[in-house]
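Architecture at a glance
One-letter residues, chain by chain:
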Amino acid sequence: MSVLLQLDQVSAGYGEAVVLHAVSFALKEGETLALLGRNGVGKSTLIDTLAGATRQHGGRISLSGKALHGLSSHQRAAAGIGWVPQERNIFKSLTVHENLTAVARPGRWTPARVYEMFPRLAERKTNLGTQLSGGEQQMLAVGRALVLNPRVLLLDEPLEGLAPIIVEELLRAIRRITREEGVSAIVVEQHPQAILRVSDQAVVLDQGSVRFDGRAQELLDNREKLDALIGLAKGHSDARHAS
Ligand SMILES: Nc1ncnc2c1ncn2[C@@H]1O[C@H](COP(=O)(O)OP(=O)(O)OP(=O)(O)O)[C@@H](O)[C@H]1O
Ligand SMILES: [Mg+2]
């Protein structure tokens, strides 16, 4: 499979502050990459940098060989970057259906296909964003990114705070979107086991630098290595998911 997204020596941050230091990795077409690391290591900054929402200080990001530098978030969306930020940007004052139709662009992913993927959303078509559960809001946020027909989906902690049954539903959807539909994905997670099961590649960040870049299976097979790389992240997320 060919490389879809390539980062070479990317440094980025906010204003003069540099959060990411010389980050390099490549994501292949149709693959899922788990982006892991402790709180505050720069996972969201990396996602936001790909989406064009931070200040890039150096290096190169390319999508199918085309440099993204200088493109606005809107232009990156048009180029195929589907961004679901950590704060789930849905329009709370619009209905589920309006949220999807307001942004849809021609392509394979239509609101109807989103409803097929997430039947819960179909049942709540006419509900306002404010009337959705956390899990439904996350499904809608993913649906909104999908109807833009992206080539790569960027999901920042999509499973955060969700009940186990909803987590499984979203993981199944992510797997379907990537394995069956050929969309690539980068998924930030603090609960490594769950996301590694549906990922091909894993990248672990520490203080803004890449500490591990390899196959997800390698970390699933080597629990000690995973614990050493991520430290206490697991205990933290277990507590979170148990609530
Ligand atoms: N808007 C901002 N302006 C300035 N600094 C920021 C901003 N957002 C994040 N930072 C800083 O960048 C660093 C990385 O933060 P980031 O949110 O990328 O981490 P993260 O890995 O996503 O953490 P978490 O797991 O808590 O979501 C932190 O030191 C943070 O304080
Ligand atoms: Mg974050």
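One numbering rule holds for all chains: residues counted from 1, following each sequence as written. Think of it this way: whatever chain is written first is A, whatever ligand is written first is 1, and the rest follow in order. Reporting in this predicted model follows two pLDDT cut-offs: at least 70 for local features of residues, and 80 or more for side-chain atom pairs to be given and counted; totals over whole chains, interfaces and linings ignore these cut-offs and use all residues. Side-chain measures were taken over the full set of non-hydrogen atoms in the model, leaving aside hydrogen atoms and water.

1. Some thoughts on the site of ligand 1
Think of it this way: one heavy atom of a residue within 4 Å of a molecule or strand is enough to make that residue near it. Taken together, the neighbourhood of ligand 1 is formed by 13 residues, with Gly40, Lys43, Ser44, Thr45 and Gln190 sitting nearest. Between Thr45 and ligand 1, the recorded distance is 2.5 Å, taken from a side-chain N or O atom to an oxygen atom. One of the side-chain N or O atoms of Gln86 is found 3.3 Å from an oxygen atom in ligand 1. Here the open area of atoms and residues is found with the Shrake-Rupley method and a 1.4 Å probe, where only the protein chains shown may cover a residue. Starting from 640 Å² of accessible surface for ligand 1 in isolation, the protein chains cover 57%. Class assignment of the residues belonging to the shell around ligand 1 gives a composition of 3 nonpolar, 7 polar and 3 charged. By the criterion applied in these results, polar contacts are pairs of N or O atoms within 3.5 Å in which, for protein atoms, one can donate a hydrogen and the other can accept it, and in which residues neighboring in sequence qualify only through two side-chain atoms. Following the grouping adopted for this structure description, the nonpolar residues are Ala, Val, Leu, Ile, Met, Phe, Trp, Tyr, Cys and Pro, the charged ones are Asp, Glu, Lys and Arg, and the polar ones are all others, Gly among them.

2. Considering the packing of aromatic side chains
Each pair of aromatic rings taken from Phe, Tyr and Trp, with Trp reduced to its six-membered ring, is defined by centres within 6.5 Å and is described as stacked if the planes are under 30 degrees apart, edge-to-face if over 60, and tilted in the remaining cases. Within this structure, the stated rule accounts for 0 aromatic pairs. Ring-over charges, as used throughout, are those where CZ of Arg or NZ of Lys falls within 6 Å of the ring centre and within 35 degrees of the ring normal. If you follow Arg113 out to its NZ or CZ, it ends over the ring of Trp109, 4.3 Å from the centre.

3. Some details on helix 10 (residues 223-230)
Each residue's exposure class comes from its accessible area (1.4 Å probe, protein chains only) as a fraction of the maximum for that residue type: buried when under 20%, exposed when over 50%, partly exposed otherwise. Secondary structure elements are defined from DSSP: runs of H or I of at least 4 residues count as helices, runs of E of at least 2 residues count as strands, and each element is numbered from the N terminus. Turning to helix 10, its buried residues number three or more, namely Leu226, Leu229 and Ile230. Taken down its axis, helix 10 places every buried residue within 80 degrees of arc, on the same side. The outward face of helix 10, more than 90 degrees from its buried face, is lined by the exposed residues Glu224 and Ala228. Phi turns positive, to about 60 degrees, at Gly231, one or two residues after helix 10. This arc corresponds to the set of directions leading from the helix axis out to the C-beta atoms.

4. As for the nonpolar core
The set of buried Ala, Val, Leu, Ile, Met, Phe, Trp, Tyr and Cys residues whose side-chain atoms join them within 4.5 Å is what this entry labels a nonpolar core. Leu36, Phe118 and Leu219 are the most contacted members of the largest nonpolar core, which totals 47 residues. Among the elements that make up this core, the one with the highest residue count is helix 7 (residues 164-180) (7 residues). The contact definition used throughout considers only heavy atoms, calling two residues in contact when any of these lie within 4.5 Å. Excluding residues within four positions of it along the chain, Leu36 makes contact with Lys43, Glu189, Pro192, Ile195, Leu196, Val203, Val204, Leu205, Leu219, Leu226 and Ile230. Among the nonpolar cores identified, the runner-up in size contains 26 residues, and Val23, Leu27, Leu35 and Val41 belong to it.

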